[in-house]
Amino acid sequence: MACKKYKKTEIKSCRRISTPKMEAITVDSSKAESTLQNSSIDVHAENNQRHKSTSDTVIPCVEMESSEERESDEDTISGPSAARLRKMIKKRQPPESKRKKPKKRENGIGCRRSMRLLNVDPSEISLPATATQPALVADENPLLPPGPLEMTPENRDDNSELFKGFLHTWAEVSKTSSKNTKKELPSIKSYKANLSGMVISEDTVYKVTKGPILSLALHPSEIKTLVAAGAKSGQVGLWDLTHQPKEDGTYVFQPHSQPVSCLYFSPTNPAHILSLSYDSTIRCGDFSSAVFEEVYRNERSSFSSFDFLAEDATTLIVGHWDGSMSLVDRRTPGTSYEKFISSSLRKIRTVHVHPVHRQYFITAGLRDIHIYDARHLNPRGSQPLISVTEHTKSIASAYFSPLTGNRIVTTCADCKLRIFDSSCISSQIPLLTTIRHNTITGRWLTRFQAVWDPKQEDCLIVGSMAHPRQVEIFHETGKRVHSFLDGECLVSVCSINAMHPTRYILAGGNSSGKIHVFMN
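Quick caveat: nothing in here was measured; it's all calculated off a predicted structure.

Conventions we followed
- Residues numbered from 1 in each chain as written.
- Predicted model: local features only at pLDDT ≥ 70, side-chain atom pairs only at ≥ 80, totals over all residues.
- Heavy atoms only, no water.
- Helix = DSSP H or I, 4+ residues; strand = E, 2+ residues; numbered from the N terminus.
- Contact = heavy atoms within 4.5 Å.
- Core = buried A, V, L, I, M, F, W, Y, C linked by side-chain atoms within 4.5 Å.
- Buried < 20%, exposed > 50% of the residue type's maximum accessible area, 1.4 Å probe, protein only.
- Pairing = 2+ DSSP bridges.
- Axes fitted to C-alpha atoms, helices over the stretch in contact; angles between N-to-C directions.
- Polar contact = N/O pair within 3.5 Å; in protein donor to acceptor, adjacent residues only side chain to side chain.

## Details of the side chain of Ser397
- Here Ser397 lies in strand β19 (residues 395–400).
- Discounting residues that sit within four places of it in the chain, Ser397 has contacts with Thr350, Ala364, Val409, Thr410, Thr411, Gln449 and Ala450.

Following this line, the structure appears as structure tokens:
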């Protein structure tokens, strides 16, 4: 027991003593082996002597341990192990505080990154910077030359007998078309019965223009059914639904280079169709002469909307996107006379004239609607008679009711349709009704514009985001009167809608250039 305790202690002391001298020890391996064997013989001999003292018996233990330790040291020191030991003894260098960054590959692809975030299109061509977009758009859609443009259809030969027959038919129909006489309003019961009889079929659905439809107009003819559509692409499409097959009754023209946001048949000569475009021009398509005459051009600012200020369509009020307005007189020989007017609005989306008191007109701005008197317009700045500021978000449109003008309907991005009492135009027009209606069409759909039915001025028409897809009619009290829907023929959102002035015909346009017609 004493030997074991001493052995453990002595090993520690031997290791402590021998460690500093290890570098100086050089031992021949053969000599180490002979020394170890002799030590082992001496140890066994000494162990056989039982009369030795405790100190004598401990010494061999020391010698054995020292020789064993020497052997282990010699095994560690000799050969390649010596180099490892020397490296361990050397003072280690402190590790680096920062990890070295891997070198970038000069021509490596690296991690996959979004081409959209890199502003690169799929063909690996860099897209233009945002700041240069307006200039590039203007270059891609240059203004068409001033003056009249020939009425040349893009979807067929302009010298075909079919197209000549189309022009002749519409010129004759427009001559015999009677003016819409004001009739008494039918009761809601009979009105709903007539709406219920209006149906849609595959024959009354057709893609007319390229790109979204921004404006629609129905020809007032009692014999023919002609729908006109203004598209974002600058096209004006005409579709004669009484002609079959459908493709033979469709004609598409390009009188503008930018979106056509406003379209009307002339109230005095239905053979004329007037179109307004963002390209700062208003043109009049004349079926009798097969040309698009230039009515008004102002390249200083882009146009947004127009309406006939005079009932005979000789004067126009034009709204500009920058908030200014123009009074245009078409009776001036040569180019139209223009009176440029500034306003307090930063933007004008729609302009509409009172149907009875035509000196009044309403403009829809960003969040305000203004009513002006055309007799008191000042080129340096005109103050409105009435300013309505109840809308909390941007306004898409504002229109007087078609027969009396006693109501105004506005469409707002706050998901509300508002109806105001305009029977007495004074300093204020009270709010009558608020209709909750989803107007969030998103980026890819044309914004909704609620319009009045010209036959039933207390009812309005508006597109819907509801499923199944439909077009809705509301009474001025806010009650839903009717919903036009068909699970097979109406499968998209009709943002822009128009009613025939005398017949029960509804046309709805979607954002792919397709027209849907309900009729009885």
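Picking up after the structure, the text goes on.
## Some words on the nonpolar core
- One finds Leu195, Met198, Leu460, Ile473, Phe484, Met499 and Leu506 to be the most contacted residues of the largest nonpolar core, which totals 32 residues.
- Only α7 (188–196), β21 (416–421), β23 (451–453), β24 (456–463), β25 (470–475) and β26 (480–485) provide two or more residues apiece to this core.
- Broken down by element, this core gets its largest block of residues, four residues, from β24.
- Excluding anything up to four places from it in sequence, Leu460 contacts Val409, Leu417, Ile419, Ala450, Val451, Trp452, Asp453, Glu472, Ile473 and Phe474.

## A short note on the sheet that holds strand β16 (residues 360–364)
- Taken together, the four strands give an open sheet; going across it, the order is β15-β16-β17-β18, and neighbouring strands pair in antiparallel fashion. What marks the edges here is a single partner per strand, and that holds for β15 (350–353) and β18 (386–388). Averaged over neighbouring strand pairs, the angle between their axes works out to 15° when direction is ignored.

## Things to note about the pairing of strand β20 (residues 407–412)
- The element β20 is largely enclosed, with a buried count of six among its six residues.
- The alternating pattern of β20 places Arg407, Val409 and Thr411 on one face and Ile408, Thr410 and Cys412 on the opposite face, and all of these are buried.
- Linking two consecutive strands that pair antiparallel, namely β19 and β20, is a turn of six residues; a positive phi of about 75° is found at Gly405 within it.
- With six bridges joining them, β20 and β21 adopt antiparallel strand pairing. Its bridge partner lying in β21, Cys412 is registered against Lys416.

## Re the environment of Trp239
- The residue Trp239 is located in strand β5 (residues 236–240) in this model.
- Judged by its relative accessible area of 0%, Trp239 falls in the buried class.
- It is 4.5 Å that separates the C-alpha atoms of Trp239 and Thr250, two residues lying 11 residues apart in sequence.

## A few points about the sheet that holds β21
- Ordered by their spatial adjacency, four strands build an open sheet running β19-β20-β21-β22, and the pairing between neighbours is antiparallel. Two strands lie at the open edges of the sheet, namely β19 and β22 (431–436), each paired on one side alone. Direction aside, neighbouring strands of the sheet carry axes that sit 15° apart on average.

## Remarks on the environment of Glu294
- Take Glu294: it is sitting in strand β10 (residues 291–297).
- Along the chain, Glu294 and Cys284 lie 10 residues apart, while their C-alpha atoms are 6.4 Å from each other.
- Setting aside chain neighbours within four positions, we find Glu294 in contact with Pro145, Pro146, Gly147, Thr281, Ile282 and Arg283.
- Engagement of the side chain of Glu294 in a polar contact is seen with the side chain of Arg283, the distance being 3.4 Å.
- Of note is the side chain of Glu294, whose polar atom sits 2.8 Å from the side chain of Arg297.

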